[in-house]
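Topology and contacts: notes
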Amino acid sequence: MKKQSTFAAIALLLGTTANPALAEEKIKIGVVLTLSGPAAALGQQVRDGFALAVKDLGGKMGGKMGGRDVEVIVADDELKPDAAVTKVKGLLERDKVDFMVGPIFSNILQAIHRPVTASKVFLISPNAGPSTYAGKDCNPFFYVTSYQNDQVHEILGKVAQDRGYKRMYLMVPNYQAGKDSVAGFKLDYKGEIVEESYMPLNTLDFQPELSKISSQKPDALFTFMPGGLGVNLVKQYRQAGLADTVPVLSAFTVDESTLPAQQDAAVGMFGGANWAPNLDNPQNKKFVAAYEAAYNGVPGTYAFQAYDAAMLIDSAVKAVKGDLSKKDAVAAALKKADFTSLRGSFKFNTNGYPIQDFYLTKVAKRPDGKFQTEIVQKVFENYGDRYAKDCKPAN
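Described in the following lines is the structure provided in the data block.

Attention shifts here to the state of the cysteines. Applying the stated criterion across every chain yields a total of one disulfide. Paired by a disulfide, cysteine 138 and cysteine 391 hold their sulfur atoms 2.0 Å apart. Taking the torsion about the sulfur-sulfur bond, which here is approximately 85°, the covalent link between cysteine 138 and cysteine 391 counts as right-handed. Linking cysteine 138 in the loop between β5 (122–125) and β6 (142–144) with cysteine 391 in the segment after β14 (371–383), this pair joins segments that are 253 residues apart in sequence. A relative accessible area of 5% means that cysteine 391 is categorised as buried.

An order of β2-β3-β1-β4-β5-β6 is seen for the six strands of this open sheet, with the pairing classed as mixed. The open sheet has two edge strands with one neighbour each: β2 (64–65) and β6. Pairing of strand β1 (residues 27–33) with strand β3 (residues 68–76) involves seven bridges; the strand directions are parallel. Paired with glycine 30 across the strands is isoleucine 73, a residue of β3. Running over the sheet, helix α5 (residues 106–118) touches β4 (99–101), β5 and β6 and is turned about 155° from β5. Docked against the sheet, helix α13 (residues 327–336) engages β4, β5 and β6, running at close to 15° with respect to β5.

Along its 13 residues, helix α4 (residues 81–93) runs 18 Å from first to last C-alpha, staying within 8% of the 18 Å computed at 1.5 Å per residue. Buried within α4 are the following residues: Ala83, Ala84, Val85, Val88, Gly90, Leu91 and Leu92. Where the residues of α4 are buried, they touch β1, β3, β4 and α5.

On to empty space enclosed by the protein. Here the structure, examined in full by the defined rule, presents three cavities of 30 Å³ or more. Within this model, the largest cavity holds a volume of roughly 140 Å³. Taken together, 15 residues form the lining of the largest cavity, with Ile104, Asn127, Tyr147, Tyr175 and Phe224 sitting closest to its centre. For the second largest cavity, the calculated volume is near 110 Å³. Contributing to the lining of the second largest cavity are 14 residues, with Val254, Asp255, Gly272, Ala273 and Thr361 lying nearest its centre. Mapped onto the lining of the second largest cavity, the elements with two or more residues apiece are β10 (248–251) and β11 (270–273). For the lining of the second largest cavity, the residue count by class is five nonpolar, seven polar and two charged.

Moving on, we come to the packing of aromatic side chains. Geometry of an aromatic ring pair is reported as the spacing of the ring centres plus the angle between the planes. Tallying each qualifying case throughout the model produces 20 aromatic pairs. With a centroid separation of 6.1 Å and an interplanar angle of 75°, the aromatic rings of phenylalanine 142 and tyrosine 353 are classed as edge-to-face. Placement of phenylalanine 142 in strand β6 and of tyrosine 353 in the loop between β12 (347–348) and β13 (354–365) is noted, with a sequence separation of 211 residues between them. Note on accessibility: phenylalanine 142 and tyrosine 353 belong to one class, buried. Note on tryptophan 275 and phenylalanine 287: the rings are 6.4 Å apart at their centroids and 65° apart in plane angle, and the pair reads as edge-to-face. Placement of the pair is tryptophan 275 in the loop between β11 and α11 (282–295) and phenylalanine 287 in helix α11, with a sequence separation of twelve residues.

How each quantity is defined
Residues numbered from 1 in each chain as written. Predicted model: local features only at pLDDT ≥ 70, side-chain atom pairs only at ≥ 80, totals over all residues. Heavy atoms only, no water. Disulfide = S-S within 2.5 Å. Helix = DSSP H or I, 4+ residues; strand = E, 2+ residues; numbered from the N terminus. Buried < 20%, exposed > 50% of the residue type's maximum accessible area, 1.4 Å probe, protein only. Pairing = 2+ DSSP bridges. Contact = heavy atoms within 4.5 Å. Axes fitted to C-alpha atoms, helices over the stretch in contact; angles between N-to-C directions. Expected span 1.5 Å × (residues − 1). 1 Å grid on protein atoms, 1.4 Å probe; cavity = no way out; pocket = protein on both sides within 12 Å on 5 of 7 lines; lining within 4 Å. Points joined across faces, edges and corners; volume = space filled by probe spheres on them. Nonpolar A, V, L, I, M, F, W, Y, C, P; charged D, E, K, R; others polar. Phe/Tyr/Trp six-rings, centres within 6.5 Å; stacked < 30°, edge-to-face > 60°.

Just distances and angles here, no functional claims.
Shown next as structure tokens:
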């Protein structure tokens, strides 16, 4: 009797539900990100944003979802598709994760998408959103809390068109997301493209391109250069004296992951995004303050999308009362997206990609000396991607 009373007391302390065995079993979440090399700052923002959300959800293990403790296992994909697949297989087979979160880059997503979804494990992307899985190859085990890759670039194409820029220079990395960015930009832009340059992902020196820009004198530059690529480009662009003569319309080139390194060189440059730190709603103000207090830095889209990814998972776990064995019910709960997004308006399209608002942003220096992007104008409202019409979701 004494032992039974002790167990009952422990159960009460742990907040066990009607199914004690289920409540005692941890939910395992694998997080696969680029955490080394020039793009590490992007992965760190996702890791920290996700960790902050798990912490906010409370629980004795630092996080709890639907009455169950959460174990988060983080792996570095090294920005190498083969390495990513190896890490993912370990998370699936050895750790038996219930959810996979990641990655940053679309080429890594393309490598891990099949191994994860074929294992009937839910893959939540907090950043990469290639067109590949937005249309006919959509999958009930794949959800995106960021955007479809083309969309952010569409913002800049529309702005370039609306501002009357007649001649544009395009410069992007030579991989799937780079190609998506050009496709997105061209949707609304109808002027002349004087150059369409595809750069290796390991580019450090942009001087040959800057010389071309200087000689061709376009009305503006459109560029997508994430992570270390963007740091080098922006510094060299400012040093070359181009920042004052050829405006920069960019995506993921001047944001909170790169601004700590770019600093004054980036001030005044434009970006496109689905969010900014100064977005005016209560949940976002709370998030930005908590993130800055925890990590001594300004959060970017990577961090906020990761925070939303954790809250999305939590909403699904709660909806199925912690029972993840019924995959159809979990999928339906994820699709419902019953949580308050930091961006405000948010719902999933038929393909598991968001319908949301998009903004033109501009880099500013805050009174405290830190740098952040700030909203200039709303460009698209409740905007879903153009591939969703080809997705035929399973019944």
